[in-house]
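# Tertiary structure, described
The chain contents come next:
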Amino acid sequence: MENLIDEIKKLESKPKIIKNIFNKREIDDFLKLYQDLPITVHNKKQNVIKKRWLQGFNKDLEKIFCNRLEKEIGKFKMDNLKDDEGKDVLGLIQESYAPIGLHVDGGFELNNKIYKQSLIPLSSVGSTVIFKNRYYGQSTNFTTDKKELGMKNLKYGQNLRSSEHIGMYGSKSFEEKLHKKFLSHEKIENLIGLEIELVYEWEVGSMLIFDRTNLHCSSSVIEGKKIGLTTFTKK
């Protein structure tokens, strides 16, 4: 496992924003794709609708996306969940009415050499907070909520719940000004030791790329709802 982490660290870099990578027609195609795809999860508690980007709904868009992502990050393999036929899912489109909490998208197979993830905003209002802090375990929601931490019977594809991050990055209190501005949906005690790397202000047509080891979450800035496409890669 240590050797694998060393290999993952060699692939790490700072988050990158690529502006105007998709034109209006392509964004419209992504939105039509979202309308056409079947609902995978409707989590009423989190107020979020998730749809897997299944292959074959728009092959031209699949090719455009993969070619442009490869131009930015080099060769990669998809590391999203499989569909019911065992084929690679290309990503996950989420329609959120409330901010998503602190987590890391390390995947569900510890022997994978995780790489980059991308985020494509399909609506204009929203932002995503990327932290400098990194975690080298599987996909995990970080929380101090005892009820959440008590969830053990998780289905495949559901994040672990953990408070392991508390103390892992030191004991420095999170800055109150930044908490109020971006992260008021999170308990400030849940952010102890964390340091912001980047706040990505959503802009339709752009794409954010960052390491899958970066802790991150939605900001509390939301206007009604927001829609975004996330993809996960490995080497």
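It should be noted that the structure appears before, not after, this text.
Throughout what follows, the structure given in this document is the object of discussion. Not measured: the values here are computed from a predicted model. (Residues numbered from 1 in each chain as written. Predicted model: local features only at pLDDT ≥ 70, side-chain atom pairs only at ≥ 80, totals over all residues. Heavy atoms only, no water.)

### With respect to the packing of helix α2 (residues 24-36) against helix α3 (residues 59-73)
Packing of α2 against α3 leaves a shortest axis separation of 11 Å and a crossing angle of 120 degrees. For the element pair α2 / α3, the angle class is oblique. Note on packing geometry: the crossing formed by α2 with α3 is left-handed. Taken together, the residues of α3 that come into contact with α2 (itself represented by E26, D29, F30 and L33) are L61, I64, F65 and R68. Residue composition of the contact of α2 with α3, by class: five nonpolar, no polar and three charged. (Axes fitted to C-alpha atoms, helices over the stretch in contact; angles between N-to-C directions. Helix = DSSP H or I, 4+ residues; strand = E, 2+ residues; numbered from the N terminus. Parallel < 35°, antiparallel > 145°, perpendicular 65-115°, else oblique. Left-handed = near helix turned anticlockwise from the far one by under 90°. Contact = heavy atoms within 4.5 Å. Nonpolar A, V, L, I, M, F, W, Y, C, P; charged D, E, K, R; others polar.)

### What to know about the pattern of salt bridges
Applying the stated criterion to the full structure yields 18 salt bridges. One salt bridge connects E12 with R134, and the closest N-O pair in it is separated by 3.5 Å. With E12 in the loop between α1 (2-10) and β1 (16-18) and R134 in strand β8 (residues 127-134), this residue pair connects regions lying 122 residues apart in the sequence. A salt bridge links K132 to E195; the shortest N-O distance between them is 3.0 Å. One end of the pair, K132, is in strand β8; the other, E195, is in the loop between α5 (176-182) and β11 (196-201), with 63 residues separating them in the sequence. Given the relative accessible area of 38%, K132 is considered partly exposed. (Salt bridge = Lys/Arg side-chain N within 4 Å of Asp/Glu carboxyl O. Buried < 20%, exposed > 50% of the residue type's maximum accessible area, 1.4 Å probe, protein only.)

### Section: the nonpolar core
Core analysis: the largest hydrophobic core is formed by 27 residues, its most contacted members being F22, F30, W53, F65, I93, I120 and M207. Each residue touching F22, except ones within four places of it in the same chain, is listed here: I27, F30, I64, F65, R68, I120, G205 and M207. Counting 15 residues, the second-largest nonpolar core is a separate cluster that includes V129, F131, L191 and C217. (Core = buried A, V, L, I, M, F, W, Y, C linked by side-chain atoms within 4.5 Å.)

### A look at the layout of surface pockets
Here the second largest pocket is characterised by a volume of approximately 170 Å³. Lining the second largest pocket we find K172, S173, F174, E175, L178, G193, L194, E195 and I196. The residue makeup of the lining of the second largest pocket, split by class, is four nonpolar, two polar and three charged. (1 Å grid on protein atoms, 1.4 Å probe; cavity = no way out; pocket = protein on both sides within 12 Å on 5 of 7 lines; lining within 4 Å. Points joined across faces, edges and corners; volume = space filled by probe spheres on them.)

### Considering the pairing of strand β7 (residues 114-121)
Counting buried positions along β7 gives eight out of eight residues, so the element sits mostly inside the fold. In terms of strand pairing, β7 meets strand β14 (residues 226-234) through six bridges, oriented antiparallel. Bridge pairing in β14 places Q117 opposite F232. Here four bridges tie β7 to strand β12 (residues 207-211), and the two strands are oriented antiparallel to one another. Across the sheet, the residue bridging to Q117 is F210, located in β12. (Pairing = 2+ DSSP bridges.)

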